[in-house]
Amino acid sequence: MYRERPPSEPLRGLVRCLWRARESTTRLIVPDGCLDVIVAAERVFVAGPDTRAWQSTVPPDTVITGLRFRPGQAARALGVPADALRDSRVELSELWGPTGARLADRLRADPAALAEVIAGRPLARPDPELTEVLARIDAGATRVSAVIADVALSERQLRRRFRAAVGYGPATYLRISRLRRAIAAAEHGTPLAEVASRAGYADQSHLSRDCRELTGRTAAVFLRRR
């Protein structure tokens, strides 16, 4: 069981969704460009941005509650650069010290308070240039150079700010965004060659290489099982 719901209006620029799952088996977690705050049994932690797939294994019927930030937005609320959390799981008490420990106690008692906890955080200012670059990539850009060509920042500045906000550079994010489009395109049994074309891959072989590198599965196995 896995369900998502949209955040309330004040959080919509920051949060992609709130979610709840009841896990009973091992599940493959693949990169999606996001960071999550997660309450699972006795743990309250931040799941950093992934660059590779990993297996989540929990006891049967474990209820997990999460809040998923929009790509590039988590650092504004968490108070640390996203690349410091890359490919890691960090306890809230470790991230925010005594304040984090108190909030973790509250969330263990009431996981539904996740949105309220994040809404109460001081937020850093949004980065309009970064937001524009992310939007262009998510719209289907196939080359980073074309995306950043007319952004009013030097390439070095943009890449530094992108890593701090997203967790990795724009080329990695482009690959992850493209895989998410492939997942969406494959939902109704679309042939893989057509999935590759819709998602922005050069061809089906390109899709297969990227899928294997990011998920550890062939495109035929990964996309069809989803």
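Residues numbered from 1 in each chain as written. Predicted model: local features only at pLDDT ≥ 70, side-chain atom pairs only at ≥ 80, totals over all residues. Heavy atoms only, no water.

### What about the pairing of strand β2 (residues 15–23)?
For clarity, the threshold we go by: Any two strands are treated as partners once DSSP identifies two or more bridges connecting them. Note on conventions: DSSP H or I runs of at least 4 residues are helices, E runs of at least 2 residues are strands, and numbering of each starts at the N terminus.
Pairing analysis gives four bridges linking strand β1 (residues 2–5) to β2, with the strands arranged antiparallel. Directly across from arginine 5, in β2, lies its bridge partner leucine 18. One ladder, built from eight bridges, connects β2 with strand β7 (residues 62–69); its direction is antiparallel. Pairing of alanine 21 across the sheet is with isoleucine 64, part of β7.

### A short note on the environment of serine 208
Heads up, the condition is: With a 1.4 Å probe rolled over the protein chains alone, any residue whose accessible area is under 20% of its type maximum counts as buried; one over 50% counts as exposed, and the rest are partly exposed.
With respect to the secondary-structure elements, serine 208 resides in helix α9 (residues 204–215). Judged by its relative accessible area of 29%, serine 208 is partly exposed.

### Quick notes on the pattern of salt bridges
Using the following cut-off: Note on definitions: salt bridges are taken to be side-chain nitrogens of Lys or Arg within 4 Å of carboxyl oxygens of Asp or Glu.
One pass over the structure, following the stated rule, counts 18 salt bridges. Here aspartate 105 makes a salt bridge to arginine 108, at a shortest N to O gap of 2.5 Å. You can see aspartate 105 and its partner arginine 108 sitting in helix α2 (residues 92–109), three residues apart, about one turn around the helix. Residue aspartate 105 is classed as partly exposed on the basis of its relative accessible area of 48%. In this structure arginine 108 comes out as partly exposed when scored by relative accessible area, which is 30%. Each of Glu4, Asp32, Asp36 and Arg68 takes part in a single network of salt bridges with overlapping partners.

### Observations concerning the packing of aromatic side chains
For the record, the criterion: Side-chain rings of Phe, Tyr and Trp, where Trp is taken by its six-membered ring, are said to pair if the distance between their centres is within 6.5 Å; with planes under 30 degrees apart they count as stacked, over 60 as edge-to-face, and otherwise as tilted. Charge-over-ring contacts are defined here by two conditions on Lys NZ or Arg CZ: a distance within 6 Å of the ring centre and an angle within 35 degrees of the ring normal.
Enumeration over the complete set of coordinates arrives at two aromatic pairs. With 5.8 Å between their ring centres and 35 degrees between their planes, tyrosine 2 and tryptophan 19 make a pair best called tilted. Placement of tyrosine 2 in strand β1 and of tryptophan 19 in strand β2 is noted, with a sequence separation of 17 residues between them. Note that arginine 43 overlies the ring of phenylalanine 45, its terminal NZ or CZ placed 4.2 Å from the centroid. Taking NZ or CZ as reference, arginine 121 lies 3.7 Å from the ring centre of tryptophan 96, over its face.

### Remarks on the side chain of threonine 215
This is how the line gets drawn: Any N or O atom pair separated by 3.5 Å or less is treated as a polar contact, with the protein-specific requirement of one donor-capable and one acceptor-capable atom, and with residues adjacent in sequence counted only for side-chain atom pairs. Whether two residues are in contact is decided by their heavy atoms, any of which lying within 4.5 Å being enough.
As for its placement among the helices and strands, threonine 215 is situated in helix α9. There is a polar contact of 2.6 Å between the side chain of threonine 215 and the backbone oxygen of cysteine 211. There is a polar contact of 3.0 Å between the side chain of threonine 215 and the backbone nitrogen of arginine 217. Discounting residues that sit within four places of it in the chain, threonine 215 has contacts with Leu28, Val30, Ala53, Leu179 and Phe222.

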